[in-house]
Amino acid sequence: MNPKLLGAVIILAIVGVVGSSSVFTVSERELAILFALGKIEKADYEPGIHFKWPFVNNVRKYEKRIITADTAPQRYLTQEQKPLIVDYYVKWRIRDVETYYKTMQGMETRARQQFQSIVNKGLLDAFGERTLQEVISSARDEIMRDITKKASERVESFGIEIVDVRLKRIELTERVFKNIFERMKSAREKEASELRATGEGEAERIRAEAERQKTVMLAKAYREAQGIRGEGDARAASIYAGAYQQDEEFYSFYRSLTAYRKSLVGEGNLMVLEPDSDFFKYFKDNNPAAK
């Protein structure tokens, strides 16, 4: 090969290597720090293409987006000393990459240890100040907001921001679960007994009211029936009296026939009476000519 051509190729190769070593890019998802012989020279790069001195400067990049850090389940105690197994996760991001590098040496594992320790302490205090009922229901969101705020303030000096702390799961230990189950069972049995007693009392009241209304209705009906019967008897007596006054003999004869009809119908009409009894007075021959 021609020495001049070879020399040109070598020069181009050197220029290419030097050129590529002089350029670096920063995307919108990244944070970059430029070092000069091991010392931070610049850390506020915008997204785009940037230049550096080859063999003098080097660049380290970090994630700019929100990072989710899962944690191992932890054991906490409530105000009543009830143990809980809590599983949570933390969303965080780097706010100041230079401070982050200086305090954490740019190590994500070290950053996680720091903010997880802070969050664990916050959860320990929060659960210890609240009852089990508050932790698993009404105060849950309040606890998360409070811990997120306090943890973010404490890690600010590390160049980190805690975006959110969320509980994934709260589990009761077996002993606590059984105690809660028994307490809920007793409460439901008490409620059922109270409802049953209330129902029985209401049923007794309804029965008593129905019985009272029945007695009142029967008494009213009996009173009205007696009044109607009395009016009928009075009217019948008035009719009988009028008939008697019009023809005493005929009235007596009619009453006797009525008595005969009622007494002498059907079987078993044997009657034992004295011959001169008034009952058969119309069966006697009172015709003087026949005597």
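Residues numbered from 1 in each chain as written. Predicted model: local features only at pLDDT ≥ 70, side-chain atom pairs only at ≥ 80, totals over all residues. Heavy atoms only, no water.

I'd like a rundown of a nonpolar patch on the surface, residues and numbers included.
A contiguous nonpolar patch, built from Leu-37, Trp-53, Phe-55 and Val-56 and spanning about 560 Å² of accessible area, is present on the exposed surface. Relative to the helices and strands, Leu-37 resides in the loop between β2 (30–36) and β3 (39–42). Residue classification places Leu-37 among the exposed residues on the basis of a relative accessible area of 70%. (Patch = residues over 30% accessible without salt bridge, like charges linked within 9 Å, V, L, I, M, F, W, Y side chains within 5 Å. Areas by Shrake-Rupley, 256 points an atom, 1.4 Å probe, with all protein chains shown as cover. Salt bridge = Lys/Arg side-chain N within 4 Å of Asp/Glu carboxyl O. Helix = DSSP H or I, 4+ residues; strand = E, 2+ residues; numbered from the N terminus. Buried < 20%, exposed > 50% of the residue type's maximum accessible area, 1.4 Å probe, protein only.)

Which residues make up the pattern of salt bridges, and what values go with them?
All told, the structure shown has 16 salt bridges when counted by the stated rule. Of the charged contacts in the structure, one is a salt bridge between Asp-87 and Arg-169, with a shortest N-O distance of 3.6 Å. Remark: Arg-169 occurs in strand β9 (residues 160–172) and Asp-87 occurs in strand β8 (residues 83–94); sequence separation between them is 82 residues. A residue is classified by how much of its surface remains accessible, and Arg-169, at 36% relative accessible area, is partly exposed. The salt bridge partner of Glu-161 is Arg-95, with a shortest N-O separation of 3.4 Å. Of this pair, Glu-161 sits in strand β9 while Arg-95 sits in the loop between β8 and α2 (97–104), placing them 66 residues apart in sequence. Its relative accessible area of 58% is what places Arg-95 among the exposed residues. Salt bridges sharing partners connect three or more residues here, namely Asp-70, Asp-87, Lys-168 and Arg-169.

Now, about the packing of helix α3 (residues 108–128) against helix α5 (residues 140–155): what can you tell me, with residues and values included?
Relative placement of two packed helices is described by the angle separating their axes and the distance separating the axes. Running from amino to carboxyl end, α3 crosses α5 at an angle of 140°, the nearest separation of the two axes being 10 Å. Taken as a pair, α3 and α5 cross one another with a handedness that is right-handed. For the pair α3 and α5, contact is made by Phe-115, Ile-118, Val-119, Gly-122, Leu-123, Ala-126 and Phe-127 and by Ile-143, Met-144, Ile-147, Ala-151, Arg-154 and Val-155, respectively. (Axes fitted to C-alpha atoms, helices over the stretch in contact; angles between N-to-C directions. Left-handed = near helix turned anticlockwise from the far one by under 90°. Contact = heavy atoms within 4.5 Å.)

Residues and numbers for α3, please.
Its 21 residues give α3 an end-to-end C-alpha distance of 30 Å, which sits within 8% of 30 Å, the value for a rise of 1.5 Å per residue. Every buried residue belonging to α3 is among Ala-111, Phe-115, Ile-118, Val-119, Leu-123, Ala-126 and Phe-127, and all of these are buried. The buried residues of α3 all sit within an arc of 160° when viewed along its axis, so they share a single face. Projecting away from the buried face of α3 at angles above 90 degrees are the exposed residues Thr-109 and Gln-113. (Expected span 1.5 Å × (residues − 1). Arc of directions from axis to C-beta.)

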